[in-house]
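# Secondary and tertiary structure notes
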There are 4 protein chains.
Amino acid sequence: MRIAFIGLGVMGLPMAANLVKAGHEVTGFNRSSAKASRLVELGGRAASSVAEAVVDAEAVITMLPDSPDVRASYIGDEGIIASTARGALLIDMSSIRPDVAIEVSSYASRKGFPMLDAPVSGGQKGAEDGALSIMVGGESDAFEQARAIFDVLGSTIVHVGQSGAGQTVKAANQLLVAGTIELVAEALVFLDAHSVELEPAIKVLNGGLAGSAILSRKASGMLEKNFAPGFRVELHHKDLGIYRDAASAAGVFSPLGAAVTELMGSLLATGGGQLDHTALLVQVDELSGRRIWTR
Amino acid sequence: MRIAFIGLGVMGLPMAANLVKAGHEVTGFNRSSAKASRLVELGGRAASSVAEAVVDAEAVITMLPDSPDVRASYIGDEGIIASTARGALLIDMSSIRPDVAIEVSSYASRKGFPMLDAPVSGGQKGAEDGALSIMVGGESDAFEQARAIFDVLGSTIVHVGQSGAGQTVKAANQLLVAGTIELVAEALVFLDAHSVELEPAIKVLNGGLAGSAILSRKASGMLEKNFAPGFRVELHHKDLGIYRDAASAAGVFSPLGAAVTELMGSLLATGGGQLDHTALLVQVDELSGRRIWTR
Amino acid sequence: MRIAFIGLGVMGLPMAANLVKAGHEVTGFNRSSAKASRLVELGGRAASSVAEAVVDAEAVITMLPDSPDVRASYIGDEGIIASTARGALLIDMSSIRPDVAIEVSSYASRKGFPMLDAPVSGGQKGAEDGALSIMVGGESDAFEQARAIFDVLGSTIVHVGQSGAGQTVKAANQLLVAGTIELVAEALVFLDAHSVELEPAIKVLNGGLAGSAILSRKASGMLEKNFAPGFRVELHHKDLGIYRDAASAAGVFSPLGAAVTELMGSLLATGGGQLDHTALLVQVDELSGRRIWTR
Amino acid sequence: MRIAFIGLGVMGLPMAANLVKAGHEVTGFNRSSAKASRLVELGGRAASSVAEAVVDAEAVITMLPDSPDVRASYIGDEGIIASTARGALLIDMSSIRPDVAIEVSSYASRKGFPMLDAPVSGGQKGAEDGALSIMVGGESDAFEQARAIFDVLGSTIVHVGQSGAGQTVKAANQLLVAGTIELVAEALVFLDAHSVELEPAIKVLNGGLAGSAILSRKASGMLEKNFAPGFRVELHHKDLGIYRDAASAAGVFSPLGAAVTELMGSLLATGGGQLDHTALLVQVDELSGRRIWTR
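Being a predicted model, the structure only gives us computed values, none of them experimental.

Okay, the overall build of chain A next. Broken down by element type, chain A carries 14 helices and nine strands. Considered along the principal axes of its C-alpha atoms, chain A spans approximately 65 × 45 × 35 Å. The buried share among the 295 residues of chain A stands at 63%. Restricting to contacts in chain A with at least 6 residues of sequence separation, those with at least 24 account for 65%. In the form shown here, chain A has an accessible surface area of approximately 10,300 Å², with 49% of it arising from carbon and sulfur atoms.

Here is the structure:
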């Protein structure tokens, strides 16, 4: 398959590379061209513009930072939709606002393009290993058509509804992850303040109904005060903003969502933007008047 | 081993029965005697008073509703400590306030008794199957001595620190469980309000960093609007009060803990006390102006 | 002074009428023309388009529902700025986003127009009585120039900073009002649940450091279960959204702001949009399992 | 009138002194005797024990730190009730738990003593000036009997219900004060972050529905970074604990109450216990990543 891949960042480059390895003909484009050169070394091609990248593509994948980037890339005279052969499959794998996903896919549809929103979770490691979770919104036909691509990139691939549904699930994912980190942070500070031994406590907590992927995969790093990212506070804060706006627009009551958004915002505002999101633990610890965990 | 078992309720009776099955000589006492008769049918003995139950016991286990019950059972002229042969092992498996656990075990210690706090999670099913998680606070010697008993009752048995530490971990467990249920409730209402298909969404969410035992074990019941307990709102509210007081006493900042305590309290105050704690979903749904999930 | 007044709604019409009474030459425009006819009866003139209204105005006042209305009215080929004589004083008295106020006034400035943002509080009654509080952002020169107009419309007129500052203060006002209503609601339900006599309690509370305009002006209506607006939940929810976005953009930690925004959102989502904002009392009462106050 | 005054602290001593000045025969008792000596200088008498102070009193007033102190002073073999002539009027003016007020007054009633709970607000200055607000719970007869005393001590004297009602209103007062301080703190940081001029902003905010005693009396001190008490964080935190427990016991949903309790607790835990409660502003400022206000 001839695939154009727009956005070769920390996530995009290994994803594009996996598509090359799987035998696809991949043309990449990135604003800063060093990343595109790296793709060429790995067997792909580099384009010097979006238009050049997509011109004869059967599928176009975008992996971009935020909603305005996605909107700008697809819509407009030099955008993907203006430059791609009608009928090519468009797949946006960025994490953006569900309403923007719907807006762009409606635009695409009017122009004769099937489009999917397919954000991922699993981080850089998941991207490298082809083991991402992929949450897909859009028409079933388009989803089936994209299967071959998704199978290369991810291990859990789920079609969750119409256009925008992928982004909605991603937003819910980010709520659950941030909220669970905060709960675990409050629990760890509580346990430590009462002189409980933390490693056995985590073990027994994780064995029951309190168990979570955060306890399994993140708590030991938290105990060791390792707050190198991982997933940065800055990005998680952006994603919680997406959740909050989408929840508010639908009238959804989300008091824990609102509270953790404030806390993540404070962590960002106090200089923690480049830390791993588990640094919420440092904040709880400081606000409890202790200095056990430090940045 | 000669074991006195005080408190033969929903949890206590199957636990005592498992000890009988394992070959221990178990004498039970319960305020209402019907439960004690049931233990006799299963091969145990029944006593007509606490004093009679404990008189020649090598170990005494209590499984009682709340902190004042535990304090009253151990301390006082007709209490366990006054009636038991010095040196017998005392094990309180109730879920109570950590400070009361410390107070009672200090009293026991002054009177020459080793004592453990060993609350459990896993519910009635875990009690019946001998598959409880047991969080144990107290001296290592006493813990080793109690091993044989714990091995009959539970599958995850962890020594988490000094006296009170078991109860502290139980309190943290109840925070994490309530908080995660509320987060999942907010996420489900959010997803449903945006017309996402919930079953595939849960599947993909549970596959990544948002995954939790609540999503694995409870979300499908929540989707089916099944709010029969399980673990009752009433009891979870009591436990969150224990957490809150212990957190506050230690100066621990716990904004999500405080928020979910208010929400569980409201669910209780509005008549939901006998529902499963996952009925927090109904509350979020109602407060979002929808009537998808009903009590 | 020749004044064009755009937006003759519940607030705009009495404001324009007061300017007529004060001897100004007022030409009004409203999307639905019935309101403009009413202004003519009161001695003003009616225009059939924005362009016609502003063509020879020395000052233009806008009083419009929301940020997009304001942006659309000022900017564009048929907008106020394109149609007004260069140098006329522009005054937006709507309650809108501070960032939009800054955007529009920057645009105006580039085109050679001084512009003020001057939102008000005091409601329909304040508008009718010429007793509004007016919070003004923009250049001091423009503020001095607008004095004669503001003196007709309001009784408290304060210049609070550069462009956007008026809207920022209005947003803070809406936070304080909503937050204080919610606090008073929680206090009243608490007092009533403990069988305290509410009228004397309000009297003594209002006499000390707990005193507030909400207790002085709104609490007796709340006791009487009078939730006819006044200021509608729907509008207050919009304004809290403005606050929240502006707070978040500046990295301001606002946990009470976030919490009351969720509660106001829930009141809206459950059908309370047309009630007075003091209906937060009904919500607290219901969530406390009582039915003392009803909608 | 012969009055025994138990507890001659920062509040109690000036209150007792005002009663002396008004012509009453006042015998004081304080744990540390220096304060009692000061009362003698002012024309009162000093007793060396509670029993000696109350033996021939017609009225007994207590002004003590916390609930256990009050319980211990009234109940027991050497307590006030055991030592006072039957029928003397008992008035507790401490700020304590409503349930303890009810417990002690019930005990008093069974022993033949009328008793009032009559906590105050207005601080040291209000005590010195005889200008306290006094919130009184108990029987109307006892209230009328105590009028002559209250008129000396306070300027706003309100009978709010049966025993405990005075303490309940005081708890609500402390909720409203803490909550309003926090709202004003969030608003000030928000305004400052957007470069609004704070003094005019406070003026216009205080003129409308956002107005409050906190804005009138405290905001200028907050602007000047003056956090010398005033009313200490430590004491306000104690009082919020009383509110929270009483609200929770009655099933009252109080999300803002819970949130501000956590924040005040954090201010205490991070070393702010001796600051004025308006230091919540410093906390909001720090958590917003600014260092405009410092302790």
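Now for the relation of the copies chain B and chain A. Two copies of one chain are present, and they are related through a rotation about an axis combined with an axial shift. You can overlay chain B on chain A at an RMSD of 0.0 Å; the transform is a turn of 180° with a shift of 0.0 Å along its axis. Taken together, the rotation and translation describe the operation of a two-fold axis. Considering only C-alpha atoms, the part of chain B nearest the rotation axis is Ser 212 of chain B, at 1.9 Å. Here 100% of the interface residues in chain B have copies in chain A that are interface residues too; the copies meet face to matching face.

The partner chain A presents 65 residues to the 65 residues of chain B that form the contact. Across the chain B-chain A interface, the total number found is zero salt bridges. Counting residues per element, the ones that place at least two in the side of chain B that touches chain A are strand E8 (132-137), strand E9 (154-161), helix H9 (165-193), helix H10 (198-206), helix H11 (213-223), helix H12 (233-249), helix H13 (255-272) and helix H14 (280-287) of chain B. Top contributing element to the side of chain B that touches chain A by residue count: H9 of chain B, with 20 residues. Residue composition of the side of chain B that touches chain A, by class: 41 nonpolar, 18 polar and six charged.

What follows concerns the packing of aromatic side chains. All names here are of chain A. For the coordinates displayed, the defined rule picks out eight aromatic pairs over all chains. When the ring of Phe 143 is compared with that of Phe 150, the centres are 6.2 Å apart and the planes differ by 40°; the resulting orientation is tilted. When its relative accessible area of 4% is taken as the criterion, Phe 143 is described as buried.

Residue and element names in this part refer to chain B. Neither face of strand E5 (residues 89-92) is exposed, since Leu 89 and Ile 91 on one face and Leu 90 and Asp 92 on the opposite face are all buried. Note that strand E4 (residues 59-62) and E5 share four bridges and pair parallel. In the strand pairing of E5, Ala 59 is matched with Leu 89. One ladder, built from three bridges, connects E5 with strand E6 (residues 115-117); its direction is parallel. By the bridge assignment for E6, Asp 92 is matched with Asp 117. Once the chain exits E5 it traverses helix H6 (residues 98-110) before rejoining the sheet at E6, and the crossover so formed is right-handed.

Another point: the interface of chain B and chain D. Contacts between the two partners involve 14 residues from chain B and, on the opposite side, 14 residues from chain D. Taking both partners together, chain B and chain D bury about 1,000 Å²; carbon and sulfur atoms supply 57% of that area. By the criterion of area lost to chain D, the three top residues of chain B are Arg 244, Phe 253 and Glu 262 of chain B, representing 50% of everything that side buries. Where chain B packs against chain D, one counts two salt bridges. The shortest N-O distance in the salt bridge between Arg 244 of chain D and Asp 245 of chain B comes to 3.6 Å. Scanning the region where chain B abuts chain D turns up two residue pairs in polar contact (both at pLDDT 80 or more). Listing elements by their share of the side of chain B that touches chain D, those giving two or more residues are H12 and H13 of chain B. Sorting elements by how many residues they give to the side of chain B that touches chain D places H13 of chain B first, with six residues.

Residue and element names in this part refer to chain A. For strand E9 (residues 154-161), a buried count of seven out of eight residues is recorded, marking the element as mostly surrounded by other parts of the structure. Summarising the sheet, strand E8 (residues 132-137) and E9 pair through six bridges and their orientation is parallel. Directly across from Met 135, in E9, lies its bridge partner Val 158.

Helix length check: helix H12 (residues 233-249) of chain D, at 17 residues, gives a terminal C-alpha distance of 24 Å against a target of 24 Å (1.5 Å per residue), a fit within 8%. Residues of H12 of chain D that are buried include every one of Val 233, His 236, His 237, Asp 239, Leu 240, Gly 241, Ile 242, Tyr 243, Arg 244, Ala 246 and Ala 247 of chain D, and no others. For H12 of chain D, the secondary structure elements touched by its buried residues are H12 of chain B, helix H9 (165-193) of chain C together with helix H6 (98-110), helix H9 (165-193) and helix H13 (255-272) of chain D. In the stretch just after H12 of chain D, Gly 251 of chain D is the one whose phi turns positive, near 70°.

The rules behind the values
- Residues numbered from 1 in each chain as written.
- Chains lettered and ligands numbered in written order.
- Predicted model: local features only at pLDDT ≥ 70, side-chain atom pairs only at ≥ 80, totals over all residues.
- Heavy atoms only, no water.
- Helix = DSSP H or I, 4+ residues; strand = E, 2+ residues; numbered from the N terminus.
- Buried < 20%, exposed > 50% of the residue type's maximum accessible area, 1.4 Å probe, protein only.
- Contact = heavy atoms within 4.5 Å.
- Areas by Shrake-Rupley, 256 points an atom, 1.4 Å probe, with all protein chains shown as cover.
- Least-squares fit on C-alpha atoms with pLDDT ≥ 70 in both.
- Salt bridge = Lys/Arg side-chain N within 4 Å of Asp/Glu carboxyl O.
- Nonpolar A, V, L, I, M, F, W, Y, C, P; charged D, E, K, R; others polar.
- Phe/Tyr/Trp six-rings, centres within 6.5 Å; stacked < 30°, edge-to-face > 60°.
- Pairing = 2+ DSSP bridges.
- Right-handed = clockwise from strand over helix to strand, strands pointing away.
- Buried area = accessible area lost by both parts, 1.4 Å probe.
- Polar contact = N/O pair within 3.5 Å; in protein donor to acceptor, adjacent residues only side chain to side chain.
- Expected span 1.5 Å × (residues − 1).

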